[in-house]
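Each chain, written out:
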Amino acid sequence: MYEPRIVCFFCKWCTYAGADLAGTSRKQYPPNGVVVRVNCSGRIDPQHVLWAFREGADGVLIGGCHPGDCHYQDGNYKTMRRVTFLKRMLSDMGIEPERLRLEWISAAEGEKLVHVMSDFVDEVKSLGALELGLTGEKGNGGAAKAPAKKKPAVKAKAAGKKTTAKKTGKKAKPAARKAR
Amino acid sequence: MKIPYYPGCTLHERALDFDVSARECAKTLGVELEELPIWTCCGAVFPLVTDSVMEILAPVRNLAYASREGDKLVTLCSFCYHVLKRANRTIRTDPEKAEKANLFLRADTEAREEIESYTREDYTGQVEVIHFLEMLRDLVGYEAVAKKVRRKLKDLRVAPYYGCMLLRPKKEMEFDDPEQPSIFEEFLETLGCDVVDFPMKTECCGGFQIVSDEDLAIACSRNVVSSAIKRGADVIVTTCPLCRYNLDKKQEEMAKEVRGFRKIPVIYFTQLLGIALGIDGEHIDFTDNYVDPRPVLAEKSLL
Amino acid sequence: MEERIGVFVCHCGSNIAGVVDVKRVAEELGKYPGVAHSTDYTYMCSDPGQNLVKDAIKEHNLTGVIVAACSPTLHEATFRRAGRVAGVNPYQVEIANIREHCSWVHQGEKEAATEKAIKIIKTMVEKARLDEALDPISVPMTHKALVVGAGIAGIQAALDIANAGHEVVLVEKSPSVGGHMAQLSETFPTLDCSQCIMTPKMVEVSQHPRINLMTYSEIDDVAGFVGNFKVKIRKKAAYVDRDACTGCGVCVEKCPVKTESEFDEGLAMRKAIYTPFPQAVPNKPVLDPEHCTYFLKDGKCGICQKVCPVGCVDYEQKDEIIEEEVGAIVVATGYDLYPIENMGEYGGGKYADVITGLQFERMLSASGPTEGEVRRPSDGKEPKEIVFLTCCGSRDPEAHMPYCSKVCCMYLTKHAMLYKHKVHDGQAYVFYMDVRTAGKGYEEFYTRAAEEDDVLYIRGKVSKIYEEDGKVMVWGVDTLTGKKVEIAADMAVLGLATVPNVAAKKLANKLKIHTDEWGFLAEAHPKLRPVESLAPGFYLAGAAQGPKDIPEAVAQASGAASKVAHLFAEEEYHREPIIAWIDEDTCAGCRVCISVCPYDAAEFDEENGIAKIQEAICEGCGACIAACPSASAQQRNLTDEQVYKMVSAALEG
């Protein structure tokens, strides 16, 4: 049977600690998600999410502190706005926006984490496996390739290097860097 | 200076004395009040429902008419001013309601081709609703008014009555400080009056309650009237036909209830302005007043 | 160099091993790229377990360590220490959480849990492969503190820091220390006299060998960061050489100009050259050029200069800028009352007999303008009925401030009580929304006022106050009976909202520390870091952070002082190095990072046209990294590249 693969980006102050609490309370939830710990949900670049889908994730769960509780003042508000836009972008790409979920889970909400995890796994299950129709290797782990849309940027880097115009070089390089 | 003018129903019928005196004063001050070619009732009450646009259509329609005539709209009646200003603010601040209201305006256009030119454009709150007092202060200028004063009113003790509709709610009306307003006093000082400050100048006159609970409304009005009398006023001036009605006509009942009740005339501020500007008596009509101001005015040699 | 990662899978007794097939996990990881050594053990955190890690580091020449065990909140520090001892940089030791996030939550699914544990560890191996060796950031530190504001909070903070052995510069903008507390008559709930408990502290702060007290001075500019602030202090021209002045007071006595006394809240007059009150510290006058005839009329007068026996009046004196270097800054700028003029419905500022709580304090004070007698300001008569109004401008989101000012219930209760003690046949009314008495002994105090001193409490608000026939007419409502209440009183005392000091908001901007929407200083965390600002090196004390009574202000000041002492306990300032950095080669200088940084750690380098991160300030939240359009902003040991690789590893198989 199809078991969805889920990447969870959890902020270390709230949701990661909430997941710890779920553990110490021995609450049970499906094992589909693997957690990537970040300092703040505001650290999550939309590209991280796109990359996860590119690499074979069927769902991405972002967990942050409740509004007003951010350890860094307002990182979670930044996330909230980014996720709203990203969901629109996902649907344009043919990825159901429900595959990306943002939840506020505090360090005291082990129960909520369990509930969210179970519910999200069910939802992604009902959506079925994500078929992106990508050619080339998918889910090849360490030997990660750049997201497809970044490839032109790599070319731009080469072009930029040839010219002496500093600006061009500057514009091109960062994209390449991210694609690395 | 030409300014679009919205008289409203009351000034069109019952409060003609207010309308006539205002037009004549404006003319003397070099302002031409141009009555909107088409207007309807403003609705008279600003609706407090939040989930419907129907109730503000009347004022918005009038504002849309006004938008074809200029960027300002002058009005006199406190109720009209209140409703038009708040409806205007709703259009400016609530895009959803603005959009819905404009859907109705467009339907108007289609149904009534003869006024097509009036409502073809969407109304977005571009008109600024101003009260006649604001016009005097900001457009004509109190100094200019003072220069045109022919009769000094320095012996006349005048109590300015604001009522509620001009001032509240503060954040929406932005007319003056609702607790300690001063625009009226400044106006009266311009005319050279002896201004009487009385604590009830911003209390309610009873308003529409006069229809359903007359005793309550009279109690409210009596509170205002007696406060002004106690402070030694010769006359109360007001900006609102309903306030005028409650404060003036109901003195008949007040006199019945309170022994030794001394009556005080209640007149429109434009009538006082007219006297100061030396306007011909036919435009300053006091025949509708229950308490006749003429004796006191005559006593002060102002007639 | 090829990474050589060691993987250490902990059984945690049966906590992990009971669910996860630890042998298989260790075996699988042994085959993973970059892993040089992989093993398992019953209790990795035990001494033998740690030794096993240390030995393996040496034996296999490991460059990175993954301990697959419990949550990093428990033993990350343990294994980082072990790593350091054995020669691996602590920041290259990572924890894979396979207990809380795996074995404990998937107890019935052994196979799936084992697979998941393998994935979790692989993500951490991917992270560790790119981890850099880092050192905590060390910043040199000046062991001297600046305290801004010398009210009770500032005084307490300065004394505590100085008594902990550190130098303090205490800056106060008015001519004397003491703040609002010095104005108070008696203090609730004990009714001890404010001056009596305050004056010794004022003297102590002025004489403390480690405190440099600068009154009549303001902060002009602050540059630098935690441990290394450079402060410019403007010592305002007092037109008196206050060092030479003996405080004899002849100049004050002879000065012919009178103006309203700020200290007496306008209820009494002071001279143009003045000390604000008799117990002022320092007890030396300043000259107020806005009222002085010499300044207003081109040098006419000059009496004070003529009479000064030591010749210290100097009309030519100029403001002086004094530079100080400090390591920490305590902001204790205090509060003001909400302007009484804003209470138009009560005739605030219009009627003489409608006064503020602070004016009533001055009236009650034995050293005040009426020497403690209660008198109507309008005619000096003893008022027989006084109405006290709580929540004037507080808890009124429509027209004024939405928050509770916290102290008004108590001080108006005190006022009513003291009034009754002075005017036995008088009647005191208190209009209230709720009587909030959350403090030790406060409820008892309130009960005493109501029961023993017959203060009449009316639950409801006052809608209007106006003058009529020499009385102050108060219109209110008693919401318990539903009746309108009309009181012809002699006086009304308004419990006005507490607002931040007017100068405090400007100062906060100068210091670049955050305030809330009302201008109160924002604490770093509302529960757990209440005395620190988000900006490192700034500490908060007293009512500048929010409405407070005296014990709370003092407690917070001591808290702030202890935080400063904590900071100063180290020679240098150390911080976690998991912070942001900017790639100078790729940064295009768009400044997005600067706009999103909540700490103002990102700043623009004008010379090179790029952004840069101030290491001493960055907290490592990563906001700039997510926002950077060119990926030039990166986080140490959590770069985008690391995130991508971790994600890929998490999805493998």
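What you see is a predicted model; the values in this text were computed from it and never measured.

Go over the overall build of chain C with me, naming the residues and quoting the values.
Across its full length, chain C carries 18 helices and 36 strands. What you see for chain C is a C-alpha radius of gyration of 32 Å, clearly larger than the 26 Å of a compact globule of 653 residues, by over 25%. Dimensions along the principal axes, computed over C-alpha positions, put chain C at roughly 95 × 65 × 45 Å. Counting every position in chain C, which comprises 653 residues, the buried fraction comes to 57%. Taken as a whole, chain C presents about 26,000 Å² of accessible surface, with 49% of it coming from carbon and sulfur.

I'd like a rundown of the pattern of salt bridges, residues and numbers included.
Residues and elements named next belong to chain C. Summed over the entire model, instances satisfying the criterion amount to 71 salt bridges over all chains. One salt bridge connects D434 with R436, and the closest N-O pair in it is separated by 3.8 Å. Ionic contacts of the salt-bridge type, sharing partners, join the residues D353, R376, D379, K381, K471 and D490 into one network.

Could you give me a rundown of unusual backbone geometry, with the residues and numbers involved?
Note that the residue after R168(B), namely P169(B), is joined by a cis bond; omega there is -5 degrees. Along the chain, P169(B) falls in the loop between β5 (157-160) and α8 (170-173). The amide bond that connects V281(C) to the next residue, P282(C), takes the cis arrangement and shows omega of -5 degrees. The topology assignment puts P282(C) in the loop between β15 (273-274) and β16 (286-287). With a phi close to 75 degrees, Q73(A) is a non-glycine residue in the positive phi region.

Any chance you could break down the arrangement of the chains for me, citing the residues and the numbers?
Counting contacts across all two pairs of chains that touch, the top pair turns out to be chains A and C. Contact between chain A and chain B is absent, and the minimum C-alpha spacing across the pair is 21 Å.

Outline the packing of helix α5 (residues 110-130) of chain C against helix α18 (residues 640-650) of chain C, listing residues and values.
Residue and element names in this part refer to chain C. Between α5 and α18, whose axes approach to 8 Å, the crossing angle comes to 155 degrees. When the axes of α5 and α18 are compared, the pair comes out roughly antiparallel. As for how α5 packs across α18, the hand of that crossing is right-handed. Between α5 and α18, the residues in contact are K119, K122, T123, M124, E126, K127 and L130 and E641, Q642, K645, M646, A649 and A650, respectively.

An account of the sheet that holds strand β23 (residues 456-459) of chain C is needed here, citing residue identities and associated values.
Residue and element names in this part refer to chain C. Read from one edge to the other, the open sheet built from five strands follows the order β20-β27-β21-β22-β23, with strand pairing classed as parallel. In this open sheet, the two edge strands, each paired with only one partner strand, are β20 (354-356) and β23. Within the sheet, the average angular offset between the axes of one strand and its neighbour, ignoring direction, is 25 degrees. One ladder, built from four bridges, connects strand β22 (residues 427-432) with β23; its direction is parallel. Counterpart to F431 in the pairing with β23 is I458. Running over the sheet, helix α11 (residues 357-364) touches β20, β21 (385-392) and β27 (491-496) and is turned about 85 degrees from β20.

Give a description of the packing of aromatic side chains that names residues and reports values.
Two measures describe an aromatic ring pair: the distance that separates the ring centres and the angle between the ring planes. Per the counting criterion, the structure on display carries 26 aromatic pairs over all chains. An aromatic cluster of at least three residues, connected via ring pairs, comprises F18(B), F132(B), Y142(B), Y162(B), F184(B), F187(B), Y268(B) and F269(B). The residue whose ring lies beneath R26(A) is W104(C), and the NZ or CZ to ring-centre distance is 3.6 Å. The ring of Y274(C) is capped by R270(C), whose NZ or CZ atom sits 3.8 Å from the centre of that ring.

Can you tell me about the environment of V235(B), naming the residues and giving the values?
Residue and element names in this part refer to chain B. As for its placement among the helices and strands, V235 is situated in strand β7 (residues 235-238). For V235, a relative accessible area of 1% gives the class buried. Dropping the residues within four chain positions of it, V235 is found in contact with L156, R157, V158, A159, I264, P265 and I267.

Give a description of the sheet that holds strand β17 (residues 320-326) of chain C that names residues and reports values.
All names here are of chain C. Pairing in this open sheet of three strands is antiparallel, and the strands run β11-β12-β17 from one edge to the other. Only two strands of the sheet have a single neighbouring strand rather than two, namely β11 (217-225) and β17. Taking each pair of neighbouring strands and ignoring which way they run, the sheet shows an average axis angle of 20 degrees. Pairing of β11 with strand β12 (residues 228-235) involves eight bridges; the strand directions are antiparallel. Bridging from a neighbouring strand, I219 pairs with I233 of β12.

I'd like to hear about the domain arrangement of chain C, residue by residue, with values.
All names here are of chain C. Domain boundaries in chain C define domain 1 (5-134), domain 2 (144-236 + 319-334 + 501-568), domain 3 (250-307), domain 4 (338-499) and domain 5 (576-636). Taken over C-alpha atoms, the centre of domain 2 sits 30 Å from the centre of domain 4. At the junction of the two partners, domain 2 supplies 19 residues and domain 4 supplies 26 residues. Both faces combined, the contact of domain 2 with domain 4 buries some 1,800 Å², and carbon together with sulfur accounts for 68% of it.

Can you explain the interface of chain A and chain C? Please cite residues and give values.
Taken residue by residue, the interface counts 52 residues in chain A and 62 residues in chain C. Buried area between chain A and chain C, both sides added, is near 4,800 Å², and the carbon and sulfur share of it is 56%. Across the contact surface, chain A and chain C share two salt bridges. On the surface where chain A and chain C come into contact, there are 22 residue pairs in polar contact (both at pLDDT 80 or more). Elements that contribute at least two residues to the side of chain A that touches chain C include exactly β1 (6-11), α1 (15-24), β2 (33-38), α2 (46-54), α3 (75-92) and α6 (166-179) of chain A. For the side of chain A that touches chain C, the element with the highest residue contribution is α6(A), accounting for seven residues. Here the side of chain A that touches chain C is built from residues that sort into 21 nonpolar, 14 polar and 17 charged.

Account for the state of the cysteines, with residues named and values stated.
The final tally for this structure, using the stated rule, is one disulfide over all chains. Disulfide partner of C193(C): C196(C), at an S-S distance of 2.3 Å. Every disulfide takes its handedness from the sign of the S-S torsion; for C193(C) and C196(C) that torsion is 95 degrees, giving right-handed. Residue class for C196(C) comes out exposed when judged on its relative accessible area of 52%. Lacking any disulfide linkage, C240(B) is separated from the closest cysteine sulfur, that of C243(B), by 3.7 Å. Since its relative accessible area comes to 1%, C240(B) is described here as buried.

With reference to specific residues and values, describe the side chain of N39(A).
Turning to its location among the elements, N39(A) is positioned in the loop between β2 and α2. Within the structure, N39(A) has its side chain in polar contact with the backbone oxygen of G620(C) (distance 2.8 Å). Ignoring anything within four residues of it in the chain, the contact list for N39(A) reads C11(A), K12(A), W13(A), Y72(A), I578(C), G620(C), C621(C) and Q635(C).

Thresholds, definitions, all that
Residues numbered from 1 in each chain as written. Chains lettered and ligands numbered in written order. Predicted model: local features only at pLDDT ≥ 70, side-chain atom pairs only at ≥ 80, totals over all residues. Heavy atoms only, no water. Helix = DSSP H or I, 4+ residues; strand = E, 2+ residues; numbered from the N terminus. Rg over C-alpha atoms; globule rule 2.2 N^0.38 Å. Buried < 20%, exposed > 50% of the residue type's maximum accessible area, 1.4 Å probe, protein only. Areas by Shrake-Rupley, 256 points an atom, 1.4 Å probe, with all protein chains shown as cover. Salt bridge = Lys/Arg side-chain N within 4 Å of Asp/Glu carboxyl O. Contact = heavy atoms within 4.5 Å. Axes fitted to C-alpha atoms, helices over the stretch in contact; angles between N-to-C directions. Parallel < 35°, antiparallel > 145°, perpendicular 65-115°, else oblique. Left-handed = near helix turned anticlockwise from the far one by under 90°. Pairing = 2+ DSSP bridges. Phe/Tyr/Trp six-rings, centres within 6.5 Å; stacked < 30°, edge-to-face > 60°. Lys NZ or Arg CZ within 6 Å of the ring centre and 35° of its normal. Domains from an automatic or database assignment. Buried area = accessible area lost by both parts, 1.4 Å probe. Polar contact = N/O pair within 3.5 Å; in protein donor to acceptor, adjacent residues only side chain to side chain. Nonpolar A, V, L, I, M, F, W, Y, C, P; charged D, E, K, R; others polar. Disulfide = S-S within 2.5 Å.

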